Amino acid sequence: PEMKPHVFEAQLRRVSNSDLLAVLVAAPAGGGEIVACGTLIAERRVLRPSDGWCQHQPLTAHIEDVVVDEKLRGSGIGKQLIRCLLEIAAEAGCDTASLNCTPDNAAFYERCGLHRGDADGLALYF
């Protein structure tokens, strides 16, 4: 659904207290409507303090809200978006990156370099 700019800005303020937040958007070079977006949120791992091999407490990245306009799916924008989000996570010192997706979308994310973990994800939606 379409999101008004003031609602988007309010959402950014709500999540901006994480250790790292990156919201990437794609729009035509000359301006215009956003055609793709994705969010990366990184947080410190509470139960994994730093040790001899890591100077800082490790971060884990969560990729959320990846959307590409239906007319542009298959154009490579989504793959480029995921690549950029993963680069940001790696440069920030994250030791993992994860996302949840529907089974129908899993093959796309596998082509982007992610792989299925040892356990199926669980969720409860309110």
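It should be noted that the structure appears before, not after, this text.
A short tour of the structure in this document, coming up. A quick note: this is a predicted structure, and the numbers were derived from the prediction, not measured.

Looking at the overall build of the protein
- A tally of helices and strands in the protein yields three helices and four strands.
- Overall, the protein shows an N-to-C arrangement of helices and strands of α-β-β-β-α-β-α.
- For the protein, buried positions account for 21% of its 126 residues.
- Residue pairs in contact within the protein that sit at least 24 positions apart in sequence constitute 50% of those at least 6 positions apart.
- In the structure as shown, the protein presents an accessible area of about 9,500 Å², 54% of it carried by carbon and sulfur atoms.

What to know about the nonpolar core
- One finds Leu40, Ile63, Ile82, Cys94 and Leu114 to be the most contacted residues of the largest nonpolar core, which totals 19 residues.
- Put simply, the parts of the chain that give this core at least two residues each are strand S1 (20-26), strand S2 (36-44), strand S3 (59-68) and helix H2 (77-91).
- The residues touching isoleucine 82, leaving out its near neighbours within four places in the chain, are Ile63, Val66, Phe108, Tyr109, Cys112 and Leu114.

Concerning a nonpolar patch on the surface
- A cluster of nonpolar side chains, namely Met3, Val7, Phe8, Val25 and Ile34, defines an oily patch on the protein surface of about 420 Å² accessible area.
- Positionally, valine 7 belongs in helix H1 (residues 5-15).
- The exposure class assigned to valine 7 is partly exposed, which follows from its relative accessible area of 34%.

A closer look at the packing of aromatic side chains
- This structure, assessed with the given rule, holds one aromatic pair.
- Aromatic pair phenylalanine 108 and tyrosine 109: ring centres 4.9 Å apart, planes at 70°, arrangement edge-to-face.

Notes on the side chain of threonine 60
- Considering the arrangement of structural elements, one finds threonine 60 in strand S3.
- Accessibility expressed as a relative area gives 11% for threonine 60, which makes it buried.
- A distance of 2.6 Å separates a polar atom in the side chain of threonine 60 from a polar atom in the side chain of threonine 96.
- With residues near it in sequence (within four places) discarded, threonine 60 still touches Ile41, Ala42, Glu43, Arg45, Cys94, Asp95 and Thr96.

Thresholds, definitions, all that
Residues numbered from 1 in each chain as written. Predicted model: local features only at pLDDT ≥ 70, side-chain atom pairs only at ≥ 80, totals over all residues. Heavy atoms only, no water. Helix = DSSP H or I, 4+ residues; strand = E, 2+ residues; numbered from the N terminus. Buried < 20%, exposed > 50% of the residue type's maximum accessible area, 1.4 Å probe, protein only. Contact = heavy atoms within 4.5 Å. Areas by Shrake-Rupley, 256 points an atom, 1.4 Å probe, with all protein chains shown as cover. Core = buried A, V, L, I, M, F, W, Y, C linked by side-chain atoms within 4.5 Å. Patch = residues over 30% accessible without salt bridge, like charges linked within 9 Å, V, L, I, M, F, W, Y side chains within 5 Å. Salt bridge = Lys/Arg side-chain N within 4 Å of Asp/Glu carboxyl O. Phe/Tyr/Trp six-rings, centres within 6.5 Å; stacked < 30°, edge-to-face > 60°. Polar contact = N/O pair within 3.5 Å; in protein donor to acceptor, adjacent residues only side chain to side chain.

Read these as spatial facts, not as claims about activity.
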